[in-house]
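Residue-level structural notes
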Amino acid sequence: MTTETYEFQAEAKKLLDIVIHSLYTEKDIFLRELISNAADALEKFRHQQLLEEEVFDADASLEINISVDEKDHTLTITDSGIGMTRDELEHNLGTIAHSGSKTFLTELSEGAQKDVSLIGQFGVGFYAAFMVATKVRVLSRSYHPDSDGHEWSSDGTGSYTLTPSSGLHRGTKIIIELEEDAYEYANDNAIKRIITQYSNFVPFPIKVTGEEVNTVQAVWTRSKNDIKDEEYTEFYKFIANAFDEPMTRLHFSADAPLAIKALLFVPETNTETMGFGRMDPGVSLYCQKILIEQHSKDILPEWLRFVKGVIDSEDMPLNISRQALQDSALVAKIKKIITSRFLKNLGELAKNEPETYGKIWKEFGIFLKEGATSDFTHRDALAKLLRFESSAAEPGELISLADYVERMKEGQEDIYYINGPTRASIETGPYIETFKRRDLEVLYTMEPIDDFVFTHLGEFDGKKLISADRADLRLPDLSDTKEKDADDAEKLEKPVADSLTKWMKEVLGEKVKDVVVSSRLEESPAIIVNPDGMFTSSMERVMRATNQEHIISGKNLEINTGHHLIQGLADMRVEDENFAKNLIEQLFDNAMIQAGLMIEPRSMVERSYEIMERALKK
Ligand code: ADP
Ligand code: MG
């Protein structure tokens, strides 16, 4: 027999080092991870058995056995699953391939041992065994009729060995030699406690020293009325590998047009905002309790990747390939039905339990917005679920587009929105002035994605969605419009104004598309607006950040000819033309800042010093 020694892949080594040296106290989870691997292996075998004619040890019953040796301080977990070949042992246990786990690794090495508990979600669960082991031995024989058994063994420090091993049954036996701190795990009761806590729903018998411990239940196949809240929650924790309580769930079944059972959960937290990177999908596809695809990318739209759960359809062919899943018209139909149901359910939740919906919106609203910018099929349903701050609501209070439409004024035809980084900056900026005077409600879009959402929606309930920074903004003159502060008599006369705007355009050159007299400004001297109706300033910010600004055409500078700063410019042009040019540039930069658009700070700062110096000389 030849034993060969191999080094762990560098990342695997780093991860093992962290796991071994972590002071993480909830060591129990190592067992959950090993059981989940055993259950995965059994599930894979069951699937494979249906497809292949010949498998090794065909009669072995599908179960997980755990035994302990209190004297030797060992714990052994055996499954009759799919097993691993020599190559698979080497690849699966010696490297980390999952992309999320690399992110996890970076997070982990930056501190926070508390998050070791998330280990299972990032596809590195097997290594959790090293939290309690001085040595881990994995004896495995693949289900392929012509494969041989092997033993993988390691103390988790730098290397592992592989040795041929004869006389093994199909599946995997993991022998853990416990370290002194973890001797307590060489005890039946300790093991049973952990199983009932974490692994109750594993769809295969788990036997501890011959006694079956778990209750096998595919909750989603049962009738709603027979399932207690706690059972749902436990099921959620199991399938999502999670510790939180789901915020809401959807359990439904349909017989026509397709036989579908679905049980979906919304978790409590959005791990993407915690820095774990993009989430993998969380819903698995089954056919009559047999797994077809774990964490399926095809069964729900990508923007629903935060949802966890199970979809079971007996109309699905079991042996469907990954490619066929992607192309399947059946999968597309299921996807559409379930997504519609899920969104409808959220809509009902928003109506009946607004507080819960508010929490869901806060965590996962960004995903619904992602859907609203990309998914044409569910656009209308998504539009109803959107929430925004508004000029007519208290700070922090969120309203729907339907709320807005309901209180639109007589004579008002469009829905208006303004983007800004904060409520305060919107409310003190120039864009809101004209709305205030007319007492028109304006939605505040404060996330970069918001204006893309509105542009994509185009309208809601037949009302156009209009950004306040559009050059062609024409607001209705309503009966209760307040008197303008500056009446027309106080404005520059048309020939003077025309010559001023023309000159300003010359001074600013390519920076602006045009300089025009504003009819919307009250207090501010100038404002940047977008003559092309496609892109708002907020969208431009995003496009600049992603180097796509070439798609955007220039801006207009609108000036308030009733403002004394603008009026003074005409005189200053005569008195000191160069200084007047400086003022125009500064005016433009200030307006760009108020539009939230970046300007070149160096020349702006220098120029403002020149202006200050001149002010001091007076
Ligand atoms: P994950 O389960 O998320 O893939 P793990 O670190 O828990 O990550 O396991 C790594 C891989 O090792 C698994 O994907 C699987 O291929 C293999 N593996 C682990 N345990 C078993 C087992 N009991 N039987 C067969 N394969 C296993
Ligand atoms: Mg695992």
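Let me sum up the structure you'll find in this document. Fair warning: this is a prediction, and the values are worked out from it, not measured in the lab. (Residues numbered from 1 in each chain as written. Chains lettered and ligands numbered in written order. Predicted model: local features only at pLDDT ≥ 70, side-chain atom pairs only at ≥ 80, totals over all residues. Heavy atoms only, no water.)

1. Some details on the packing of aromatic side chains
Stated formally: In summary, the pairing rule links any two rings of Phe, Tyr or Trp, Trp by its six-membered ring, whose centres are within 6.5 Å, and it sorts them by plane angle into stacked for under 30 degrees, edge-to-face for over 60 and tilted for everything else. In DSSP terms, a helix is any run of H or I states spanning at least four residues, a strand is any run of E spanning at least two, and both are numbered starting from the N terminus. We call a residue buried when its accessible area falls under 20% of the maximum for its residue type, exposed when it is over 50%, and partly exposed in between, using a 1.4 Å probe and counting protein chains only. In this analysis the charged atom, NZ for Lys or CZ for Arg, is taken to sit over a ring once it is within 6 Å of the ring centre and within 35 degrees of the ring normal.
Tallied over the full model, the rule gives 20 aromatic pairs. Seen from their ring centres, Phe8 and Trp152 are 6.1 Å apart, and the 70° between their planes marks the pair as edge-to-face. Of this pair, Phe8 sits in the loop between strand S1 (4-7) and helix H1 (10-21) while Trp152 is found in strand S5 (residues 150-154), placing the two residues 144 residues apart along the sequence. Here Phe8 matches Trp152 in class, with each residue buried. Ring centres of Phe126 and Tyr127 lie 6.0 Å apart, and the angle between their planes is 55°; this geometry places the pair in the tilted category. No difference in accessibility class separates Phe126 from Tyr127, as the two residues are buried. It is Arg170 that lies over the ring of Phe45; its NZ or CZ is 3.5 Å from the centre. One Lys or Arg, Arg614, reaches over the ring of Phe579 and ends 4.2 Å from the middle of that ring.

2. Details of the side chain of Asp79
Selection criterion: In this charge count, Lys and Arg are treated as positive and Asp and Glu as negative; neither His nor the chain ends contribute. Each reported salt bridge corresponds to a side-chain nitrogen of Lys or Arg within 4 Å of a carboxyl oxygen of Asp or Glu. Here a polar contact means two N or O atoms within 3.5 Å. Within protein one must be a hydrogen donor candidate and the other an acceptor candidate, and residues neighboring in sequence count only if both atoms are side-chain atoms. Here a residue-residue contact requires only that any non-hydrogen atoms of the pair lie within 4.5 Å.
Mapped onto the elements, Asp79 comes out in strand S3 (residues 74-79). In this structure, Asp79 is buried with no salt-bridge partner, the nearest side chain bearing the opposite charge being Arg170 at 7.1 Å. Here Gly81 takes part through its backbone nitrogen, which lies 2.8 Å from a polar atom of the side chain of Asp79. Residues contacting Asp79, with those up to four places away along its chain left out, are Ala38, Ala41, Leu42, Glu63, Ile64, Arg170, Gly171 and Thr172.

3. Considering the environment of Asp439
Here Asp439 is to be found in the loop between helix H13 (433-438) and strand S17 (443-445). Look at Asp439 and you get partly exposed, because its relative accessible area is 47%. In the structure, Asp439 is positioned 297 residues away from Ser142 in sequence and 73 Å away in space, judged by C-alpha atoms.

4. Observations concerning empty space enclosed by the protein
If you roll a probe as big as a water molecule over the atoms, it shows you where there is empty space left. Put simply, the rule is: Cavities and pockets were defined on a 1 Å grid built over protein atoms only: a cavity is a set of grid points that admits a 1.4 Å probe from which the probe cannot escape, a pocket is an open set flanked by protein on both sides within 12 Å along at least five of seven lines, and lining residues are those with an atom within 4 Å of any such point. Grid points are joined across faces, edges and corners, and a volume is the space filled by probe spheres set on the points. Basically, the charged four are Asp, Glu, Lys and Arg, the nonpolar ten are Ala, Val, Leu, Ile, Met, Phe, Trp, Tyr, Cys and Pro, and anything else, Gly included, counts as polar. A domain assignment, automatic or from a database, supplies the domain bounds used here.
If you walk through the whole model with that rule in mind, you get two cavities of 30 Å³ or more. Counted as a void, the largest cavity has a volume near 100 Å³. Secondary structure elements with two or more residues in the lining of the largest cavity: strand S16 (415-419) and helix H16 (537-545). Partitioned by chemical class, the residues of the lining of the largest cavity number five nonpolar, six polar and three charged. Per-domain counts for the lining of the largest cavity show at least three residues from each of domain 3 (386-467) and domain 4 (481-617). Taken as a whole, the second largest cavity holds about 40 Å³ of empty space. For the lining of the second largest cavity, the secondary-structure elements that each account for two or more residues are strand S10 (248-254) and helix H8 (329-352). Top element by residues in the lining of the second largest cavity is H8. It accounts for four residues.

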